[in-house]
Amino acid sequence: MLQLYFFPMACSLASRIALMEAGIEARYHLVDIWTKKVLEDDSDFWTVSAKGAVPVLVLDNGERLTESAAVLQYIADLKPELGLAPRPGERDRYRLQEWLSFVGSEIHKAFLFPTFWYSDDAAKAAARERIGKSVSIAAEHLAGRPYLVGERFTVADGYLTWSLLLLGRGGVDIAQWPSLVNYVARMQERPQLKAAVDIEMRLRKTVRV
Ligand SMILES: N[C@@H](CCC(=O)N[C@@H](CS)C(=O)NCC(=O)O)C(=O)O
């Protein structure tokens, strides 16, 4: 069985969404990303991943896969018939990778990471200054389009939805982008995505954030 190391409402939520949308059962290990302890047995998360960051997906052969973009594509490719990623070699596969990189570098690492991780106010302010442009790019793309790539939900939608859910906590109100408000509401109508978010919102109350 696949195993996912995660922290509630962190970027690893996108991997939980992908697993649940794919209907893949997995074992979930909650990691305290501040102390680097795996909560169930107080073991050292550094021994799971030298990066000390979630998500980590443990594959059936014991290999560990990190980096959201890779983990999400791996999960999607386990159930190609669901179209959670366009198939390798299709033109839209590059569009998927384009969005995974964009969310990962321009929204996640450029804004959410400094906002929630750094104590330095200047770094947070600099991140806030840049984020509007990136979010506007996603908003414009989604005006009149149901999904980021093609005509169906992909793992990139799960990743973007996670990032949009956190923007408000970082002090950026998405109400200024109606297409995104509408998009997040539609995504949350998906039973599996909603269930994944609900699970992590509940777990978040049990950990230090
Ligand atoms: N490049 C990684 C970033 C992963 C990441 O930043 N994870 C955060 C949670 S959202 C984390 O575990 N941070 C703990 C740390 O960096 O020490 C990815 O795309 O998955």
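All values reported here derive from a predicted model rather than from experimental measurement. (Residues numbered from 1 in each chain as written. Predicted model: local features only at pLDDT ≥ 70, side-chain atom pairs only at ≥ 80, totals over all residues. Heavy atoms only, no water.)

Student: So what's going on with the domain arrangement of the protein chain? Which residues, and what values?
Tutor: By a frequent convention, interface size equals the accessible area lost on bringing the separate parts together. One can read the domain layout of the protein chain as domain 1 (2-83) and domain 2 (91-192). At the junction of the two partners, domain 1 supplies 21 residues and domain 2 supplies 17 residues. When domain 1 packs against domain 2, the two sides together hide about 1700 Å² of surface, and 64% of this comes from carbon and sulfur. Looking at the side of domain 1 facing domain 2, the largest losses of area belong to Met9, Glu21 and Gln73, adding up to 31% of the total buried there. Taken together, the connections running from domain 1 to domain 2 amount to two salt bridges. Here aspartate 77 ties to arginine 93 by a salt bridge, and the two come within 2.8 Å at their closest N and O atoms. Linking domain 1 with domain 2 are seven residue pairs in polar contact (both at pLDDT 80 or more), by the criterion used here. (Domains from an automatic or database assignment. Contact = heavy atoms within 4.5 Å. Buried area = accessible area lost by both parts, 1.4 Å probe. Salt bridge = Lys/Arg side-chain N within 4 Å of Asp/Glu carboxyl O. Polar contact = N/O pair within 3.5 Å; in protein donor to acceptor, adjacent residues only side chain to side chain.)

Student: A description of the pattern of salt bridges should follow, citing residues and the corresponding values.
Tutor: One side chain can pair with another of opposite charge once the charged atoms of both are near each other. This model, assessed by the stated rule, comprises eight salt bridges. Between glutamate 67 and lysine 51 there is a salt bridge, with the nearest N and O atoms lying 3.0 Å from each other. In this pair, glutamate 67 sits in the loop between β6 (64-66) and α2 (68-78) while lysine 51 sits in the loop between β4 (43-44) and β5 (56-58), placing the two residues 16 residues apart along the sequence. Its relative accessible area of 44% is what places glutamate 67 among the partly exposed residues. (Helix = DSSP H or I, 4+ residues; strand = E, 2+ residues; numbered from the N terminus. Buried < 20%, exposed > 50% of the residue type's maximum accessible area, 1.4 Å probe, protein only.)

Student: How would you explain the packing of aromatic side chains if you had to name every residue and give the values?
Tutor: Overall, the coordinates contain four aromatic pairs when judged by the stated rule. Both rings, one in tyrosine 5 and one in phenylalanine 45, keep their centres 5.8 Å apart while their planes meet at 35 degrees; by these two values the pair is tilted. With tyrosine 5 in strand β1 (residues 2-6) and phenylalanine 45 in the loop between β4 and β5, this pair connects stretches of sequence that are 40 residues apart. Here the aromatic rings of tryptophan 99 and phenylalanine 102 are separated by 5.4 Å at their centres, their planes lie at 85 degrees, and the arrangement is edge-to-face. Note that tryptophan 99 and phenylalanine 102 are positioned in helix α3 (residues 91-117) at a spacing of three residues, about one turn of the helix. The aromatic ring of tyrosine 28 is capped on one face by arginine 16, whose charged end is 4.1 Å from the ring centroid. (Phe/Tyr/Trp six-rings, centres within 6.5 Å; stacked < 30°, edge-to-face > 60°. Lys NZ or Arg CZ within 6 Å of the ring centre and 35° of its normal.)

Student: Tell me what's going on with the pairing of β1, and back it up with residues and numbers.
Tutor: Burial runs high along β1: five of the five residues are buried. Here β1 shows no split at all, with Leu2, Leu4 and Phe6 on one side and Gln3 and Tyr5 on the other all buried. One crossover worth recording links β1 to the parallel strand β2 (residues 26-32) by way of helix α1 (residues 12-22), and it is right-handed. Taken together, the three bridges between β1 and β5 define a ladder with antiparallel strand orientation. Residue tyrosine 5 lies in a different strand from β5, and its bridge partner there is valine 56. (Right-handed = clockwise from strand over helix to strand, strands pointing away. Pairing = 2+ DSSP bridges.)

Student: A description of the site of the ligand should follow, citing residues and the corresponding values.
Tutor: Lining the immediate environment of the ligand, one finds 14 residues, of which Cys11, Lys36, Val54, Glu67 and Ser68 sit closest. Take lysine 36: an N or O atom from its side chain is 2.6 Å from an oxygen atom of the ligand. Taking serine 68, its side chain carries an N or O atom lying 2.8 Å from an oxygen atom of the ligand. When isolated, the ligand has an accessible area of 510 Å², and the protein chains bury 84% of it. (Near = heavy atom within 4 Å. Areas by Shrake-Rupley, 256 points an atom, 1.4 Å probe, with all protein chains shown as cover.)

Student: So what about the packing of α3 against helix α5 (residues 155-167)? Which residues, and what values?
Tutor: Two numbers describe how α3 lies on α5: the axes approach to 10 Å, and their chain directions differ by 20 degrees. Put simply, α3 runs roughly parallel to α5. Of the two elements, α3 crosses α5, and the hand of that crossing is left-handed. The segment α3 lies against α5, with Leu96, Trp99, Leu100, Val103, Gly104, Ile107, His108, Phe111, Leu112 and Phe116 engaging Val155, Ala156, Tyr159, Leu160, Trp162, Ser163, Leu166 and Leu167. Its residues assigned to classes, the contact of α3 with α5 comprises 15 nonpolar, three polar and no charged. (Axes fitted to C-alpha atoms, helices over the stretch in contact; angles between N-to-C directions. Parallel < 35°, antiparallel > 145°, perpendicular 65-115°, else oblique. Left-handed = near helix turned anticlockwise from the far one by under 90°. Nonpolar A, V, L, I, M, F, W, Y, C, P; charged D, E, K, R; others polar.)

Student: Quick rundown of the sheet that holds β4? Include the residues and the values.
Tutor: Strand order in the open sheet formed by six strands is β4-β3-β2-β1-β5-β6, and the pairing between neighbours is mixed. The two strands at the open ends of the sheet, each matched to only one other strand, are β4 and β6. In this structure, β5 lies alongside β6, joined through three bridges in antiparallel fashion. Within the sheet, the bridge partner assigned to valine 58 lies in β6 and is arginine 64. Most of the contacts of α1 go to β1, to which it runs at about 150 degrees, and overall it touches β1 and β2. Sitting on the sheet, α2 touches β1, β5 and β6, and the angle it makes with β6 is about 120 degrees.

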